[in-house]
Amino acid sequence: MTTPSIAIIGAGIGGLTLAAALRRFGIASTIYEQAEKFGPVGAGIQLTANSVKALAGLGLQERLLENGFCPELGLNRQWDTGEITNTLEMGPGLAARYGAPDIALHRSVLHDALAAKLDAGTIRLGKRLKEITQNREGVALTFEDGEAVHADAVVGADGLHSVVRRAALGDDKPLYTGKSAYRAIVPTANIKADMIEERVKWWGPDRHIVSYFINPDKSLVYFIAVVPETISEVESWSQRGDKSAMLAAFDGFHPRILAVLEGAEDVRKWGLFNRHPLERWSVDRITILGDACHPMPPFIAQGAASAIEDAVVLARAISESGGDGDLAAAFHRYEGARRERTARMQITALENKWMKTAVDADWVYGYDAWSTPLPEHA
Ligand SMILES: Cc1cc2nc3c(=O)[nH]c(=O)nc-3n(C[C@H](O)[C@H](O)[C@H](O)COP(=O)(O)OP(=O)(O)OC[C@H]3O[C@@H](n4cnc5c(N)ncnc54)[C@H](O)[C@@H]3O)c2cc1C
């Protein structure tokens, strides 16, 4: 059996998790990332039990717990009156039920924890993929800087505007959801202490706000405030947002959550995109995962979680393949295990009703990427 050379495009949460999971199986890979360096990612993230369980299999749970925050309660409130419409019991009860806790943290904590699991030299920065072609022998990659690389197989973990997806599966465009999100990390010192809740979503008629603590000493609270917009095209990451426009958009919301928005020092704004579920994720030696494959708006907190799950299931499928000749079959098994679940997540996220009133959350949080069955070998 030969050792396949696996190229991963993109060092986001999905690409990093895949490289770490492959390493757990003793399989080397190389990640090609367009960014010249990793900067601090100025946002929080909610890692639900299913994603923490997947990360726990990489030995990361303790590190995430030490640097994150586990809420006891997840509240859902009416935007103006504050009436509670649903409460999710979290804390030890949720961890016992689903086999892992729900942890909220700063995104950079997760990036650093994943990167620390990789061997030196795994990530090659400043490598923006330009073209990708495959034949029976393998895949040829060409980068913007002119470097050409050969790999036995390629995984596109290159996000919403995936070059790999376009080359392998066709050129459909991401769809703007008609909504954009302001977000900020706010020092709790800027807010009156009794105004902040551990985890809460405030439901307005056509807009909403989610806020939660992201570190153990509760010195930082993060919010995402979603508004309808009619623009059709927005750059996906990191525009500076206008705080006064944001506050105007949430005029009339309860003072308790407005106090959190008012505490923000640096507000950023994102357009929220999705795509329709794909029938097919892989073509021979090329496959895709995460936002490259099934982007969804962050209304059930499963975008990164599903990328993490994809990565673990894909690493398992590759580890069970008998060498480079079987990678196409491994990709086929991977997508067979993942398509239905991620399509259901995409559809549920778009509805934006999750947790407003009581829901059966077991299908989302109870999933175990390390033990979910893979389809039989064809
Ligand atoms: C406002 C907001 C809030 C969210 N909150 C949550 C949450 O609480 N919980 C959750 O689970 N999810 C959340 N998500 C979703 C989550 O952020 C994404 O689903 C997740 O980051 C996708 O990871 P990824 O690795 O697939 O893609 P990305 O994180 O987009 O990573 C792609 C990587 O590929 C690189 N790349 C792109 N093109 C190329 C190229 N041509 N060559 C080389 N490299 C390239 C990029 O630089 C990047 O590093 C949220 C999203 C938004 C917008």
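Here the structure is a predicted model, which means the values were calculated and not measured.

Conventions we followed
- Position labels on residues start from 1 in each chain and follow its written sequence.
- At least 70 in pLDDT is required for a residue's local features to be given in this predicted model, at least 80 for side-chain atom pairs to be given and counted, and no such filter applies to totals for whole chains, interfaces and linings, which use all residues.
- The side-chain figures draw on all heavy atoms in the structure; neither hydrogens nor water molecules are used.
- Helix numbers and strand numbers start at the N terminus; a helix is a DSSP run of H or I with at least 4 residues, a strand a run of E with at least 2.
- Note on method: radius of gyration uses C-alpha positions; expected globular size equals 2.2 Å times residues raised to 0.38.
- Buried means the residue's accessible area, taken with a 1.4 Å probe over protein chains only, is under 20% of the maximum for its type, while exposed means over 50%, and partly exposed covers the values in between.
- Residues are treated as being in contact if the distance between any of their heavy atoms lies within 4.5 Å.
- Surface accessibility in these figures is a Shrake-Rupley result with a 1.4 Å probe; residues are shielded only by whichever protein chains are displayed.
- Near is defined per residue: the residue qualifies when any heavy atom it owns lies within 4 Å of the molecule or strand.
- Identification of polar contacts relies on pairs of N or O atoms within 3.5 Å, with a donor-acceptor requirement for protein atoms, meaning one able to donate a hydrogen and the other able to accept it, and with residues adjacent in sequence counted only if both atoms are side-chain atoms.
- Throughout, the ten residues Ala, Val, Leu, Ile, Met, Phe, Trp, Tyr, Cys and Pro are labelled nonpolar, Asp, Glu, Lys and Arg are labelled charged, and all others, Gly among them, are labelled polar.
- To qualify as a nonpolar core, a set must consist of buried Ala, Val, Leu, Ile, Met, Phe, Trp, Tyr and Cys residues joined through side-chain atoms within 4.5 Å.
- Whether two strands pair comes down to DSSP finding at least two bridges between them.
- Between N-to-C directions, angles cover 0 to 180 degrees, with each direction set by a line fitted to C-alpha atoms, over the stretch in contact for helices.
- When a carboxyl oxygen of Asp or Glu is within 4 Å of a side-chain nitrogen of Lys or Arg, the pair counts as a salt bridge.
- Just so you know how the angles are binned, under 35 degrees is roughly parallel, over 145 roughly antiparallel, 65 to 115 roughly perpendicular, and the rest oblique.
- Note on convention: near helix rotated counterclockwise from far helix by under a right angle means a left-handed crossing. Clockwise means right-handed.

Participant: What is the right way to read the overall build of the protein chain from this model?
Facilitator: Scanning the protein chain from N- to C-terminus turns up 11 helices and 18 strands. The C-alpha atoms of the protein chain give a radius of gyration of 21 Å, which matches the 21 Å a tight globule of 378 residues would have. With the principal axes as the frame, the protein chain shows a C-alpha extent of 65 × 45 × 35 Å. Split into buried and exposed, the 378 residues of the protein chain put 55% on the buried side. Expressed as a percentage of contacts within the protein chain between residues at least 6 apart in sequence, the contacts between residues at least 24 apart total 74%. About 16000 Å² of surface is accessible on the protein chain, with carbon and sulfur atoms providing 49% of the total.

Participant: Help me out: how do you make sense of the site of the ligand in this one?
Facilitator: Looking at the ligand, there are 31 residues lining it, with G14, E33, R107, L129 and D291 nearest. In this structure, a nitrogen atom belonging to the ligand sits 2.9 Å away from a main-chain N or O atom of L129. Note that an oxygen atom of the ligand is positioned 2.8 Å from one of the side-chain N or O atoms of D291. Expressed as a share of its isolated accessible area of 1000 Å², the protein-covered part of the ligand is 90%. Put simply, the parts of the chain that give the shell around the ligand at least two residues each are α1 (13–24), β3 (44–47) and α9 (303–319). It is α9 that contributes the most residues to the shell around the ligand, 3 residues altogether. Its residues placed into classes, the shell around the ligand shows 15 nonpolar, 9 polar and 7 charged.

Participant: What is the right way to read the nonpolar core from this model?
Facilitator: Soluble globular proteins: nonpolar side chains tend toward being buried together. Core analysis: the biggest nonpolar cluster contains 68 residues, and L18, L47, L55, L64 and L141 have the highest contact counts within it. Counting residues per element, this core draws most heavily on α9, at 9 residues. Not counting residues up to four positions away in its chain, the partners in contact with L47 are V52, L55, L64, P101, D102, I103, L105, L110 and I308. Judged by nonpolar contacts, the second largest core, of 25 residues, contains Y182, F213, L258 and A259.

Participant: Where do I start with the sheet that holds strand β10 (residues 148–151) in this structure?
Facilitator: Whenever strands of a sheet pair, they do so through backbone hydrogen bonds, lying parallel or antiparallel. Read from one edge to the other, the open sheet built from 3 strands follows the order β8-β9-β10, with strand pairing classed as antiparallel. In this open sheet, the two strands that pair with only one neighbour each are β8 (129–135) and β10. Between one strand and the next, the sheet's axes are offset by a mean angle of 20°, whatever the strand orientation. Both strand β9 (residues 138–143) and β10 contribute to a ladder of 4 bridges, which runs antiparallel. Note that in β10 the partner of T142 across the bridge is A148.

Participant: Just checking my understanding: could you explain the pattern of salt bridges for this structure?
Facilitator: Pairs may arise between side chains of opposite charge once their charged atoms sit close together. Under the criterion given, the structure shown has 19 salt bridges. Connected through salt bridges with shared partners, the residues R124, K127, D145 and E147 form a single ionic network.

Participant: Would you explain the packing of α1 against helix α5 (residues 107–115) in this entry?
Facilitator: Helix-helix packing is characterised by the crossing angle of the two axes and by the distance between the axes. Packing of α1 against α5 leaves a shortest axis separation of 9 Å and a crossing angle of 30°. With respect to their mutual orientation, α1 and α5 come out roughly parallel. Where α1 crosses over α5, the two elements pack in a sense that is left-handed. Residues I13, L16 and T17 of α1 touch α5, and the partners they reach there are R107, L110, H111 and L114. Tallied by class, residues from the contact of α1 with α5 come to 4 nonpolar, 2 polar and 1 charged.

Participant: Looking at this structure, how should I read the side chain of D310?
Facilitator: The topology assignment puts D310 in helix α9. A polar contact of 2.7 Å, which involves the side chain of D310, links it to the side chain of R338. Contacts of D310, omitting those with residues within four sequence positions, involve W281, L289, G290, H294, Y334, R338 and T342.

Participant: How do you make sense of the environment of E66 when you look at a structure like this?
Facilitator: Secondary-structure assignment places E66 in helix α3 (residues 61–67). Judged by its relative accessible area of 57%, E66 is exposed. Each C-alpha atom of the pair E66 and S211 lies 20 Å from the other, and the pair is 145 residues apart in sequence.

Participant: Can you help me understand α5 in this one?
Facilitator: Residue pairs spaced three or four apart in an α-helix point in one direction, given the helix's 3.6 residues per turn. Counting buried positions along α5 gives 7 out of 9 residues, so the element sits mostly inside the fold. Considered for burial, the residues of α5 that qualify are R107, S108, V109, L110, H111, A113 and L114. Lining the buried residues of α5 we find α1, β3, α2 (49–56), α3, β6 (103–106) and β12 (175–187).

Participant: Is there a simple way to explain the packing of α1 against α9 in this structure?
Facilitator: Two numbers describe how α1 lies on α9: the axes approach to 8 Å, and their chain directions differ by 30°. Taken together, the axes of α1 and α9 lie roughly parallel to each other. Once α1 is placed against α9, the crossing between them reads as right-handed. Counted together, I13, G14, T17, L18, A21 and L22 of α1 and A304, A307, I308, A311, V312, L314, A315 and I318 of α9 form the full contact between these two elements.

Participant: So what exactly am I meant to see when it comes to the sheet that holds strand β1 (residues 6–9) here?
Facilitator: Strands sit in the order β7-β2-β1-β11-β18 across an open sheet of 5 strands; the sheet is parallel. Each edge of the sheet is formed by a strand with only one pairing partner; in this case those strands are β7 (123–124) and β18 (286–288). Bridge count between β1 and strand β2 (residues 30–32): 3 bridges; the pairing is parallel. Residue pairing across strands places I9 opposite Y32, the latter belonging to β2.

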